[in-house]
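# Coordinates in review
Given next are the chains, with one letter for each unit.
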Amino acid sequence: MKVLNITKACRCAYKYLTDSDYRFIIRSNAGKNNDMPDDEYVKRMYKALRGVEFDLENPKTFNEKLAWQKIYERKPLYTQLADKYAVRQYITDKIGSEYLIPLLGGPWDNADQIDFDSLPEKFILKCNHDSGGIVVCRDKTRLNIEAVKQKLNKRLSVNYYYAGREWPYKNIKPCIIAEKYMEDERQKDGLIDWKFFCFNGKAKFIYVSQGLENHATAHISFYDLDGNEMPFGRSDFAPFDKIPYKPDNLGKMTELADTLATDIGCPFIRVDMYEIDGKIYFSEFTFTPCSGVLPFDPPEWDEKIGSMLKLPIDK
């Protein structure tokens, strides 16, 4: 085992010295490129992850247009929308608090402030400012509270903006909130996310996911607004054999997605929702899925979907 580890380390060191894309990713993950201008960083990271360069002033594919949006679409409102705590007020004002998952506690500035005794047996803890700071508790008697505190406090110290230069995250004040653990009899393998891809204020199709806590067993597929499977998927996740079920409120969910996307006014935004026991709940807004490197299968759909999105620079 020790020999194998040394061999692996040697391969990584060699790749670091000889592969400029790999070297850029490693240095970025270590925060060594934080001072690089956003436009240069986004183009460089795109090349490192996708293996191809693109013209930021003439984007064609969906991912390229997301990269353009990262650089040129910046409004103070986007910070509130990306903030998993502050967005609750926005949703209350726009469509009503009845669409919010009940809040159990917070906001807390650090995990040591959390009174775990006051929380129920099942709950969700999440950081408001990133994509990875979440703890799902299904049985508090088995929860390693110290490990949870360490994880959340570590996440609080990270500015999520720097990794992918997703500007909406840059100025969020980090905190922790607790939400009700939601369950549904029709979703025994975990809640299903209904993620509406909205182009220029209109939902065009849905990205359906389940079980993302475990990449190996998770499923992701794309469906049109009538629940029919789209002819593309993601190369990094297994698709569903068929749509888990068609939401009773699919029409209303689409209407809400359109309303929210139109009011926000961003060229692209993803509006994520749940349907739980026949009731719609807002999940979150996403400006750049996969930070703008979403791996389509087959890959030609990247450009086909890109043609659906009209940017201010498009003629």
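Everything quoted here is computed from the prediction, not taken from an experiment. (Residues numbered from 1 in each chain as written. Predicted model: local features only at pLDDT ≥ 70, side-chain atom pairs only at ≥ 80, totals over all residues. Heavy atoms only, no water.)

## Structural notes on the sheet that holds strand β5 (residues 192–199)
- If you walk across this open sheet you meet the 5 strands as β7-β6-β5-β9-β10, and the pairing is antiparallel. The sheet is open, and its two edges are formed by β7 (219–223) and β10 (279–286), each paired on a single side. Ignoring which end each strand starts from, the neighbouring axes of this sheet average 25° apart.
- Alignment of β5 against strand β9 (residues 268–276), held across 6 bridges, turns out to be antiparallel. If you follow Phe197 over to β9, its bridge partner there is Arg270. (Pairing = 2+ DSSP bridges. Helix = DSSP H or I, 4+ residues; strand = E, 2+ residues; numbered from the N terminus. Axes fitted to C-alpha atoms, helices over the stretch in contact; angles between N-to-C directions.)

## Some points on unusual backbone geometry
- Between Gly106 and Pro107 the backbone carries a cis peptide bond, its omega angle lying at 5°.
- The phi angle at Ser291 is positive, at roughly 55°, despite the residue not being glycine.
- Mapped onto the elements, Ser291 comes out in the loop between β10 and β11 (296–297).

## Side note on helix α3 (residues 38–50)
- For α3, with 13 residues, the first-to-last C-alpha span of 18 Å sits near the 18 Å given by 1.5 Å per residue.
- Here α3 has its buried residues at Asp38, Tyr41, Val42, Met45, Tyr46 and Ala48. Buried residues of α3 fall within an arc of 165° about the axis and therefore sit on the same side.
- Packed against the buried residues of α3 are α2 (20–29), α4 (62–72), α8 (161–164) and α10 (301–306). (Expected span 1.5 Å × (residues − 1). Buried < 20%, exposed > 50% of the residue type's maximum accessible area, 1.4 Å probe, protein only. Arc of directions from axis to C-beta. Contact = heavy atoms within 4.5 Å.)

## Quick notes on the packing of aromatic side chains
- As enumerated under the stated definition, the model contains 26 aromatic pairs in all.
- With 5.7 Å between their ring centres and 50° between their planes, Phe199 and Phe205 make a pair best called tilted.
- We note Arg165 situated over the ring of Tyr41; from NZ or CZ to the ring centre the distance is 4.1 Å. (Phe/Tyr/Trp six-rings, centres within 6.5 Å; stacked < 30°, edge-to-face > 60°. Lys NZ or Arg CZ within 6 Å of the ring centre and 35° of its normal.)

## Considerations on the sheet that holds strand β4 (residues 176–180)
- Spatially, 4 strands are ordered β1-β4-β2-β3 in an open sheet, and the strand pairing comes out antiparallel. Looking at which strands have only one partner, the edges of the open sheet turn out to be β1 (103–108) and β3 (134–137). The sheet shows a mean angle of 10° between the axes of neighbouring strands, taken without regard to direction.
- Running at roughly 30° to strand β2 (residues 123–127), helix α7 (residues 145–156) makes contact with β2, β3 and β4 of the sheet.

## Side note on the pattern of salt bridges
- Across all of its chains, the model carries 22 salt bridges by this definition.
- Of the charged contacts in the structure, one is a salt bridge between Glu146 and Lys149, with a shortest N-O distance of 3.8 Å. Residue Glu146 and its partner Lys149 are located together in helix α7, separated by 3 residues, close to a single helical turn.
- Relative accessible area serves as the criterion here: at 48%, Glu146 is assigned to the partly exposed category.
- Classification of Lys149 as buried rests on a relative accessible area of 16%.
- Residues Lys202 and Asp258 are paired through a salt bridge, measuring 3.3 Å at the closest nitrogen-oxygen approach. Here Asp258 lies in helix α9 (residues 250–264) and Lys202 lies in strand β6 (residues 202–210), a separation of 56 residues in the sequence.
- We classify Lys202 as partly exposed; its relative accessible area is 44%.
- Residue classification places Asp258 among the buried residues on the basis of a relative accessible area of 14%.
- Here the salt bridges share partners, and the residues they tie into one network are Asp193, Lys195, Arg270 and Asp272. (Salt bridge = Lys/Arg side-chain N within 4 Å of Asp/Glu carboxyl O.)

Function-wise, these values are silent; they only describe arrangement.
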